[in-house]
Amino acid sequence: MFSNLAEVPERRARFTEERRFAALDQPLHSQGRLLWRRPDLLEKHTEAPEAETLRITGDAVEVALPGQPMRAFSLAAQPQLRGFVEALRAPLAGDLATLERLFDAELSGAPIAWQLRLVPRDARMRQAMAGMEILGALAEPREIRLRQPNGDAQTLLIEPLP
């Protein structure tokens, strides 16, 4: 599975996202586009309900909201966010070494329908992320489920674009 993922130089996809927060009665929904490009570019363009662009290149993070100045910071200053980013980038890159360094990783299923479960090894990362599951088919991630220690959860459904 990791060698299949490593062979894809760029991915474009549409996403729909559902976020469930313990403090809210209703989940929050959003949709947009995703871009991943070797070696380490990850972009999330949220189109609805509010426009937002999140761009991560290497350690540099940029967040753009309409009508506001772009915010930029480094993942080096955000170790909890780094874990989340690497949980997304390493599988897309087929980078098993990074996954095994940062997470207890369990791969199950078959190439046509696989599931990768990740639990952060670092205690600081576990404060922000209890675990993540990535479900996929062949070389395409199709669903990402993130669980936070407080019970909040996020599900991202991914539809690859040609």
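First, a word on scope: everything that follows refers to the structure included in this document. Because the structure is a prediction, the values reported are computed rather than measured. (Residues numbered from 1 in each chain as written. Predicted model: local features only at pLDDT ≥ 70, side-chain atom pairs only at ≥ 80, totals over all residues. Heavy atoms only, no water.)

## Some remarks on the pattern of salt bridges
When their charged atoms lie close together, side chains carrying opposite charge are able to pair. For the structure shown, the criterion picks out 16 salt bridges. Measuring nitrogen to oxygen at the nearest pair gives 3.7 Å for the salt bridge that ties R124 to D122. With relative accessibility at 30%, the residue D122 sits in the partly exposed group. Note that R145 and E133 form a salt bridge whose closest N and O atoms lie 3.1 Å from each other. In this pair, R145 sits in strand β10 (residues 140-147) while E133 sits in strand β9 (residues 131-137), placing the two residues twelve residues apart along the sequence. Each of D59, R82, E86 and R89 takes part in a single network of salt bridges with overlapping partners. (Salt bridge = Lys/Arg side-chain N within 4 Å of Asp/Glu carboxyl O. Buried < 20%, exposed > 50% of the residue type's maximum accessible area, 1.4 Å probe, protein only. Helix = DSSP H or I, 4+ residues; strand = E, 2+ residues; numbered from the N terminus.)

## Examining the environment of P66
Within the secondary structure layout, P66 lies in the loop between β5 (60-64) and β6 (71-74). Residues P66 and P141, spaced 75 residues apart in sequence, show a C-alpha to C-alpha distance of 29 Å.

## Structural notes on the sheet that holds strand β3 (residues 41-48)
If you trace the eleven strands from one edge of the open sheet to the other, you get β6-β5-β4-β3-β2-β1-β11-β10-β9-β8-β7, paired in antiparallel fashion. In this open sheet, the two strands that pair with only one neighbour each are β6 and β7 (103-110). Taken over all neighbouring pairs, the strand axes of this sheet differ in orientation by 15° on average, direction set aside. Summarising the sheet, strand β1 (residues 10-20) and strand β2 (residues 28-37) pair through ten bridges and their orientation is antiparallel. Within the sheet, the bridge partner assigned to R14 lies in β2 and is R33. Contacting β1, β2, β3, β4 (52-57), β6, β7, β8 (113-120), β9 and β10, helix α2 (residues 79-93) runs over the sheet at an angle of about 20° to β9. (Pairing = 2+ DSSP bridges. Axes fitted to C-alpha atoms, helices over the stretch in contact; angles between N-to-C directions. Contact = heavy atoms within 4.5 Å.)

## Details of the nonpolar core
The biggest cluster of nonpolar side chains holds 26 residues, and the ones touching the most others in it are L99, F103, L116, L118, M132, I134 and I144. With five residues, the single largest contributor to this core is α2. Those residues within four positions of F103 in sequence are excluded, and the remaining contacts are G83, E86, A87, L118, V119, P120, R121, M125 and M129. (Core = buried A, V, L, I, M, F, W, Y, C linked by side-chain atoms within 4.5 Å.)

## Considerations on α2
Because each turn of an α-helix spans 3.6 residues, side chains separated by three or four positions end up pointing in the same direction. Helix length check: α2, at 15 residues, gives a terminal C-alpha distance of 20 Å against a target of 21 Å (1.5 Å per residue), a fit within 8%. At E86, α2 shows its largest bend, some 25°. Listed as buried for α2 are G83, V85, E86, A87, L88, R89, A90, P91, L92 and A93. (Expected span 1.5 Å × (residues − 1). Bend = angle between axes of the 7 residues up to and from the residue.)

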